[in-house]
Amino acid sequence: MKILVVGSGGREHALAWKLLQSAAVHQVYCLPGNGGTASLAHCQNVPIADQDFDAIGHFVQTQGIDLVVVGPELPLAMGITDTLQAQGIRVFGPTQAGAQLEASKTWAKDLMTEAGIPTARAQAFTDAAAAQTYLQTQRLPVVIKADGLAAGKGVTVAPSLETAHQAIEEAFAGKFGIAGQQVLIEEFLMGQEVSVLALTDGLTIKPLLPAQDHKPIGEGDTGANTGGMGAYAPVPWVSTALMSRIQSEILEPTLQALQRAQIDYRGVIYAGLIITPTGDPQVIEFNCRFGDPETQVLLALLDSPLEDLLWACVNQHLAQTSVRWKPGFAAGVVIAAGGYPGPYQTGHPITGIDQAEVQGVTVFHAGTRQEEQLVTSGGRVLAVTGRGETLPLALKQAYRGIAAIQFQDCYCRQDIGQRSLNLVPVEEG
Ligand code: AMP
Ligand code: GLY
């Protein structure tokens, strides 16, 4: 089997790495890929932009590629799946209509409201003055969200009216371009965050293990939001009873709502959840793709061949396909360039990856480029992923790997996983 992975981050390196562990996968192409995918055996980077659908279609046809897996949201929201499917190409990832789940927070909110899916109460505005008036009636903190794709920067959790006012003003002034010309004012939900990624073939939906991301740059969840500074799975306090509720109250109704909208969704539905203090799961966002860095830890634990699962989604036999896991936990810690998520430098040589990759540790590349030597080329540079029997052991492995790696001004959070280690496990039942 020949598979094309679209994207260039840590998620795509992990997808390529896991696919190539199977004897059934002969060749992976990564478009455009990164320094990590460049160095994988049987993996080749393809210098085509992920939004150049004509060139991608041509490449897939000429190389005889069996399956295209789309990593990032932007090509999905722009209709990569529709374009390639029209040429008879098999694609893992939703059509443009399905990608609205992530690409329009208003659309996703309406879908949830109509389907009775538990989610934070919200009101949408296309007019700044009306938004500012409504804001006066809201309790603090309040959440302001740009409707469209804003590279993870479109959400402000505002502790004061002043911050909320400013967020609305900036969105309508064009800070997020067209993505901010519609704004959601949303109720703030207290609780613990969990990411549940699920695979669907449009008929059946199956959850992966629950994972937890760490979005803020600073320890103790302080500072600016990033694409994700670390993740681990499974989340020890998410019981099987809670997972059943997430399946029946959120994932299945979401799939049914998509079906009612005549959307044939084959890919990942990523539910960003808050578990309230009363133990109830509520949706705070949907993504239409694999998460980053959740994918790195999930694939480190996946026992089933990944291509079987992706193929089952694309060919609609997911109900007959089981998702098996290795025992234990995985934890991934992101090493970023100093300054990220603000301005940062690139081009710094990276050393120590070979020493880091001892048994049970895998280093997934994100912002790296292979020149004469490996150098940094992005804000999030590497995700060092450890496996262990327990969460503390997995974290220890990841941090042992981190200690071996060096580049100028590198930064990582030292407290990945601490939120769960500090929580008492929830009783089963
Ligand atoms: P998003 O980009 O939608 O994932 O939002 C970024 C972050 O903002 C989330 O990871 C949450 O920490 C926070 N957030 C978003 N919506 C809410 C909400 N309704 N209540 C509390 N926190 C939220
Ligand atoms: N880890 C968050 C995301 O992929 O959006």
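One can find the structure itself at the top, above this paragraph.
Before going into details, it helps to say that this report is about the structure given with it. (Residues numbered from 1 in each chain as written. Chains lettered and ligands numbered in written order. Predicted model: local features only at pLDDT ≥ 70, side-chain atom pairs only at ≥ 80, totals over all residues. Heavy atoms only, no water.)

**A closer look at the overall build of the protein chain**
Step number 1: A count of helices and strands for the protein chain gives 15 helices and 23 strands.
Step number 2: A globule of 429 residues ought to have a C-alpha radius of gyration of about 22 Å, and the protein chain, at 21 Å, matches this closely.
Step number 3: With respect to the principal axes defined by its C-alpha atoms, the protein chain has extents near 60 × 50 × 45 Å.
Step number 4: Taken across its 429 residues, the protein chain has 57% of its residues classed as buried.
Step number 5: A total accessible area of about 17200 Å² is found for the protein chain, and carbon and sulfur atoms account for 51% of it.
Step number 6: Averaging the positions of the 26 positive and the 41 negative side-chain charges in the protein chain gives two centres separated by 4 Å. (Helix = DSSP H or I, 4+ residues; strand = E, 2+ residues; numbered from the N terminus. Rg over C-alpha atoms; globule rule 2.2 N^0.38 Å. Buried < 20%, exposed > 50% of the residue type's maximum accessible area, 1.4 Å probe, protein only. Areas by Shrake-Rupley, 256 points an atom, 1.4 Å probe, with all protein chains shown as cover. Lys, Arg positive; Asp, Glu negative; His and termini not counted. Charge placed at Lys NZ, Arg CZ, Asp CG, Glu CD.)

**Overview of the site of ligand 1**
Step number 1: Surrounding ligand 1, one finds 16 residues, the nearest of these being Glu186, Glu187, Leu189, Glu193 and Glu285.
Step number 2: A distance of 3.0 Å separates a nitrogen atom of ligand 1 from a polar backbone atom of Glu187.
Step number 3: In this structure, an oxygen atom belonging to ligand 1 sits 2.3 Å away from a side-chain N or O atom of Glu193.
Step number 4: For ligand 1, whose free accessible area comes to 470 Å², the fraction covered by protein is 91%. (Near = heavy atom within 4 Å. Polar contact = N/O pair within 3.5 Å; in protein donor to acceptor, adjacent residues only side chain to side chain.)

**A few points about the sheet that holds strand β16 (residues 267-275)**
Step number 1: In spatial order, the strands read β11-β10-β16-β17; together these four strands make up an open sheet with antiparallel pairing. The sheet is open, and its two edges are formed by β11 (205-207) and β17 (281-287), each paired on a single side. Within the sheet, the average angular offset between the axes of one strand and its neighbour, ignoring direction, is 35°. (Pairing = 2+ DSSP bridges. Axes fitted to C-alpha atoms, helices over the stretch in contact; angles between N-to-C directions.)

**Remarks on the sheet that holds strand β8 (residues 155-158)**
In any sheet, the strands associate via hydrogen bonds between backbone groups, in a parallel or an antiparallel arrangement.
Step number 1: One open sheet holds the four strands; their spatial order is β6-β9-β7-β8, and the pairing between them is antiparallel. Both edges of this open sheet fall to β6 (122-125) and β8, since each of them pairs with a single strand only. Here the strands of the sheet are splayed against their neighbours by 20° on average, with no regard to which way each runs.
Step number 2: Both β6 and strand β9 (residues 183-187) contribute to a ladder of four bridges, which runs antiparallel. Bridging from a neighbouring strand, Ala122 pairs with Glu186 of β9.
Step number 3: Against the sheet, helix α8 (residues 128-135) engages β6, β7 (142-146) and β9, with an angle of about 155° to β6. (Contact = heavy atoms within 4.5 Å.)

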